[in-house]
Amino acid sequence: QTPSQSGDCMDFWTLFPRCAPLIGVVHLRPLPGSPRWGGDWNVVERDARRDAKALVDAGADGIIVENFGDVPFYATSVPPTTVAAMTALTRGVREEIGGGTPIGVNVLRNDAQAALAVATVAGADFIRVNVHAGAMVTDQGIVEGRAAETLRERARLGATTLIFADIAVKHATPLGGSVPIEELAEETFERGLADALIVTGTGTGKQTSQDDVARVRGALPAAPVLVGSGATVDDVGSIVAIADGVIVGTALKEDGVVTNPVDTERAAAFFAACPRDERKPRARG
């Protein structure tokens, strides 16, 4: 659907007009106030900037910044300190990589309003929301989608920030038992008004079922659909044949360990495995 779900001029196809994007993740070190906070802000900012630059230099089409080091995560609202830290770091990433690369924000576990605030102030283009519609049983307990609040807050801010929403997000199961992924996708896109959908595996770095991606695509031919975990240099080419983009983190790290720095050689090989001219945008629904 164009224009975007909310009626704004920005949509997924406008943000990524040239190709099915390969979006690298900047996994932030523990932030101030979190249990593993190391006490040195300069190290946190240095590593965030380093990884963002390494990803873009290697060929990433976009970047997403998330507070991955803040385990255990709050189920919903994060403290003001986290919002302030993520705003500063996202702004620093923007300064480091320049204005030509789209940036997203994910405030774990599910603080969409904080993510919108960070994106608005720091100049990011989209947010990732793990549970946008419905309810999921997670290691943080029951996490409920707040699409109504998120969409209204975006409107109140006058923002064009896009909402990329997970379907059956990793590290979680639907409340009430198994629900067909097509139904979850329809609720999130058609009633939750997400701008793009993300399909993942069961956990961080776990392979995403291409059958799940195809089922979501079949149910919602108009929706932009991204793979959100488990892509590797060996299968990224086949993934973008059915998906509109890929979010990748673990596969680009030194030794394939998510907490390690970005490995420039691994990252370059991953992006080269699916050249831009082979990632043409799908016809818009």
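Summarise the sheet that holds strand β7 (residues 162-167); cite the residues concerned and give the values.
Judged by pairing direction, the barrel is parallel, and its eight strands sit side by side in the order β1-β2-β3-β4-β7-β9-β10-β11 before closing back on the first. Each strand axis lies, on average, 25° off the axis of its neighbour in the sheet, ignoring direction. Here two bridges tie strand β3 (residues 103-106) to strand β4 (residues 126-129), and the two strands are oriented parallel to one another. When the bridges of β4 are listed, Gly104 appears paired with Phe126. Sheet contacts for helix α3 (residues 80-97): β2 (62-66) and β3; angle to β3, the most-contacted strand, approximately 160°.

So what's going on with the pattern of salt bridges? Residues and values would help.
All chains considered together, the criterion is met by 19 salt bridges. A salt bridge links Glu153 to Arg156; the nearest nitrogen and oxygen atoms lie 2.9 Å apart. A residue pair is termed a helical-turn pair when its members lie 3 or 4 positions apart in one helix, as Glu153 and Arg156 do in helix α5 (residues 147-157) at three residues. Since its relative accessible area comes to 14%, Glu153 is described here as buried. Since its relative accessible area comes to 61%, Arg156 is described here as exposed. Members of the salt-bridge network, linked through shared partners, are Arg29, Arg46, Asp47, Arg50 and Asp51.

So what about the environment of Asn260? Which residues, and what values?
Checked against the element boundaries, Asn260 lands in the loop between β11 (245-248) and α9 (264-272). Classification of Asn260 as partly exposed rests on a relative accessible area of 23%. For Asn260 and Leu175, which are 85 residues apart along the polypeptide, the C-alpha to C-alpha distance reads 33 Å. Apart from the residues within four sequence positions on either side, Asn260 is in contact with Lys253, Glu254 and Asp255.

So what about the packing of helix α4 (residues 112-122) against α5? Which residues, and what values?
With their axes 9 Å apart at the nearest point, α4 and α5 run at an angle of 25° to one another. In this view, α4 runs roughly parallel relative to α5, as classed from their interaxial angle. For the element pair α4 and α5, the recorded crossing hand is right-handed. Contacts between α4 and α5 pair Ala112, Gln113, Leu116 and Thr120 from the former with Glu149, Thr150, Glu153, Arg154 and Leu157 from the latter. Grouping the amino acids of the contact of α4 with α5 by side-chain chemistry returns three nonpolar, three polar and three charged.

Help me get a handle on the packing of aromatic side chains, residues and values and all.
Evaluation of the coordinates by the stated rule reveals six aromatic pairs. When the centroid spacing of 5.6 Å and the interplanar angle of 90° are considered together, the rings of Phe270 and Phe271 count as edge-to-face. Classification of Phe270 as buried rests on a relative accessible area of 1%. Taken together through their ring pairs, the aromatic side chains of Phe12, Trp13, Phe16, Phe126 and Phe164 make up a single cluster.

Can you tell me about the pairing of strand β1 (residues 22-27), naming the residues and giving the values?
Of all six residues in β1, six are buried; the element is thus mostly enclosed. Going residue by residue along β1, you find Leu22, Gly24 and Val26 tucked away on one face and Ile23, Val25 and His27 tucked away on the opposite face as well. Where β1 lies against β2, five bridges are found, and the strand directions are parallel. Looking at β2, one finds that Ile23 is bridged to Gly62. On the question of chirality, the crossover connecting β1 to the parallel β2 by way of helix α2 (residues 41-58) is right-handed.

Please give an account of a nonpolar patch on the surface that cites residues and values.
A cluster of nonpolar side chains, Val137, Ile142 and Leu175, forms an exposed patch at the surface whose accessible area comes to about 250 Å². Judged by its relative accessible area of 36%, Val137 is partly exposed.

I'd love a proper account of the state of the cysteines, names of residues and values included.
Overall, the coordinates contain zero disulfides when judged by the stated rule. No disulfide involves Cys274; its sulfur sits 8.5 Å from that of Cys19, the nearest cysteine. Note on Cys274: relative accessible area 1%, which makes it buried.

So what's going on with the side chain of Asp195? Which residues, and what values?
Position of Asp195 among the secondary structure elements: in the loop between α6 (181-191) and β9 (196-199). Asp195 gets classed as buried once you look at its relative accessible area, which sits at 6%.

Account for the nonpolar core, with residues named and values stated.
Counting 61 residues, the largest nonpolar core has Ile63, Val105, Ile127, Leu197, Val246, Phe270 and Phe271 as the members making the most contacts within it. Among the nonpolar cores identified, the runner-up in size contains 14 residues, and Phe12, Trp13, Ile64 and Ile247 belong to it.

Explain the sheet that holds strand β6 (residues 141-144) to me, using residue names and the numbers behind them.
Hydrogen bonding along the main chain pairs the strands of a sheet, whether they run parallel or antiparallel. Pairing in this open sheet of three strands is antiparallel, and the strands run β6-β5-β8 from one edge to the other. Edge positions in the sheet fall to β6 and β8 (172-174), since each has one partner strand and no second. Recorded for the sheet is a direction-independent mean angle of 35° between the axes of neighbouring strands. One ladder, built from three bridges, connects strand β5 (residues 135-138) with β8; its direction is antiparallel. For Met136, the partnering residue across the bridge sits in β8 and is Pro174.

The rules we used
- Residues numbered from 1 in each chain as written.
- Predicted model: local features only at pLDDT ≥ 70, side-chain atom pairs only at ≥ 80, totals over all residues.
- Heavy atoms only, no water.
- Pairing = 2+ DSSP bridges.
- Helix = DSSP H or I, 4+ residues; strand = E, 2+ residues; numbered from the N terminus.
- Axes fitted to C-alpha atoms, helices over the stretch in contact; angles between N-to-C directions.
- Contact = heavy atoms within 4.5 Å.
- Salt bridge = Lys/Arg side-chain N within 4 Å of Asp/Glu carboxyl O.
- Buried < 20%, exposed > 50% of the residue type's maximum accessible area, 1.4 Å probe, protein only.
- Parallel < 35°, antiparallel > 145°, perpendicular 65-115°, else oblique.
- Left-handed = near helix turned anticlockwise from the far one by under 90°.
- Nonpolar A, V, L, I, M, F, W, Y, C, P; charged D, E, K, R; others polar.
- Phe/Tyr/Trp six-rings, centres within 6.5 Å; stacked < 30°, edge-to-face > 60°.
- Right-handed = clockwise from strand over helix to strand, strands pointing away.
- Patch = residues over 30% accessible without salt bridge, like charges linked within 9 Å, V, L, I, M, F, W, Y side chains within 5 Å.
- Areas by Shrake-Rupley, 256 points an atom, 1.4 Å probe, with all protein chains shown as cover.
- Disulfide = S-S within 2.5 Å.
- Core = buried A, V, L, I, M, F, W, Y, C linked by side-chain atoms within 4.5 Å.

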